[in-house]
Amino acid sequence: LDEAAQATEPALACALAAVGAEQVVLVGDTRQLPPTVTSVGLRDSLGVSPMARLEERGVGEKTLLMQYRMPPALLEHPSAYFYDGLVTSANATTAGEVPPPAGFPWPSSEPLAFVHVGSDNEVAHNFGGRSNPVEAEVVVNIVSDLLT
């Protein structure tokens, strides 16, 4: 089960029953996003994934120490914050060797920027979700500029 750290027990049980599974391998990251439980009344009981519960009870876990998705500059914070600096990047390039993509005013030679889009732009929806149309528009403009 991929993203198992975000699954709830009922979701896992339904998936396993639907396929008649006799075994399961849980893949996920319990140090980051927990299950999304919109009901405040159920958050305490369902807000911890089966994967996290198994880890708490001493079931063995394996942390991958090499990642392949992002350049080293982007990995520094999550590696330090979530994994005590143990996770490294397979991307051997260092900051400055490969310039960030053209089309955006990068603040440094690293492909990392924090863009302030203002505050109080979130919209609450009647189905319980939230969105931020101002932020979405900024992202669309940035991506468009990067692609042209």
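Relevant structure appears above.
Residues numbered from 1 in each chain as written. Predicted model: local features only at pLDDT ≥ 70, side-chain atom pairs only at ≥ 80, totals over all residues. Heavy atoms only, no water.

Asker: Would you mind going over the side chain of Ser-89 with me for this structure?
Answerer: Among the structural elements, Ser-89 can be located in strand 2 (residues 88-89). Residue classification places Ser-89 among the buried residues on the basis of a relative accessible area of 18%. Within the structure, the side chain of Ser-89 is placed 3.1 Å from the side chain of Gln-67, a separation counted as a polar contact. Within polar-contact distance, the side chain of Ser-89 engages the backbone oxygen of Met-70 at 3.1 Å. Not counting chain neighbours up to four residues away, the residues in contact with Ser-89 comprise Met-66, Gln-67, Met-70, Pro-71, Pro-72 and Leu-75. (Helix = DSSP H or I, 4+ residues; strand = E, 2+ residues; numbered from the N terminus. Buried < 20%, exposed > 50% of the residue type's maximum accessible area, 1.4 Å probe, protein only. Polar contact = N/O pair within 3.5 Å; in protein donor to acceptor, adjacent residues only side chain to side chain. Contact = heavy atoms within 4.5 Å.)

Asker: Even after reading the chapter, I still don't get the packing of aromatic side chains, so can you show me in this structure?
Answerer: As enumerated under the stated definition, the model contains three aromatic pairs in all. Ring centres of Phe-82 and Tyr-83 lie 6.0 Å apart, and the angle between their planes is 55 degrees; this geometry places the pair in the tilted category. Residue classification places Tyr-83 among the buried residues on the basis of a relative accessible area of 11%. Look at Phe-104 and Trp-106: their rings are 4.8 Å apart centre to centre, the planes differ by 65 degrees, and that puts the pair in the edge-to-face class. Through pairs of rings, three or more aromatic residues link up here, namely Tyr-81, Phe-82 and Tyr-83. (Phe/Tyr/Trp six-rings, centres within 6.5 Å; stacked < 30°, edge-to-face > 60°.)

Asker: Honestly, the environment of Pro-111 in this entry has me stumped. Any pointers?
Answerer: Mapping Pro-111 onto the fold places it in the loop between strand 2 and strand 3 (123-124). For Pro-111, a relative accessible area of 26% puts it in the partly exposed group. The sequence separation of Pro-111 and Phe-127 amounts to 16 residues, and the corresponding C-alpha distance is 36 Å.

Asker: Looking at this structure, how should I read the pattern of salt bridges?
Answerer: Once their charged atoms are close, side chains differing in charge can pair, the charge on each being opposite to the other. The tally for this structure, following the rule as stated, stands at three salt bridges. Glu-122 serves as the salt-bridge partner of Arg-130, at 2.7 Å between the closest nitrogen and oxygen. (Salt bridge = Lys/Arg side-chain N within 4 Å of Asp/Glu carboxyl O.)

Asker: Help me understand the environment of Gly-103 in this model?
Answerer: Within the secondary structure, Gly-103 sits in the loop between strand 2 and strand 3. Among the residues examined, Gly-103 registers a relative accessible area of 40% and is labelled partly exposed. Placed 39 residues apart in sequence, Gly-103 and Ile-142 show a C-alpha to C-alpha distance of 7.9 Å. Look past the residues within four positions of Gly-103 in its chain and what remains in contact with it is Asp-145 and Leu-146.

Asker: Would you explain the environment of Leu-33 in this entry?
Answerer: Topologically, Leu-33 is positioned in the loop between helix 1 (9-19) and helix 2 (40-46). For Leu-33, a relative accessible area of 54% translates into the label exposed. Ignoring sequence-local partners within four residues, the contact set of Leu-33 consists of Ala-5 and Gln-6.

Asker: I would appreciate a short explanation of a nonpolar patch on the surface in the present structure.
Answerer: Judged by side-chain polarity, Val-139, Val-143 and Leu-147 come together as a nonpolar surface patch covering roughly 290 Å² of accessible area. Considering the arrangement of structural elements, one finds Leu-147 in helix 5 (residues 133-147). What makes Leu-147 exposed here is its relative accessible area of 70%. (Patch = residues over 30% accessible without salt bridge, like charges linked within 9 Å, V, L, I, M, F, W, Y side chains within 5 Å. Areas by Shrake-Rupley, 256 points an atom, 1.4 Å probe, with all protein chains shown as cover.)

So yeah, pure geometry; function would need other evidence.
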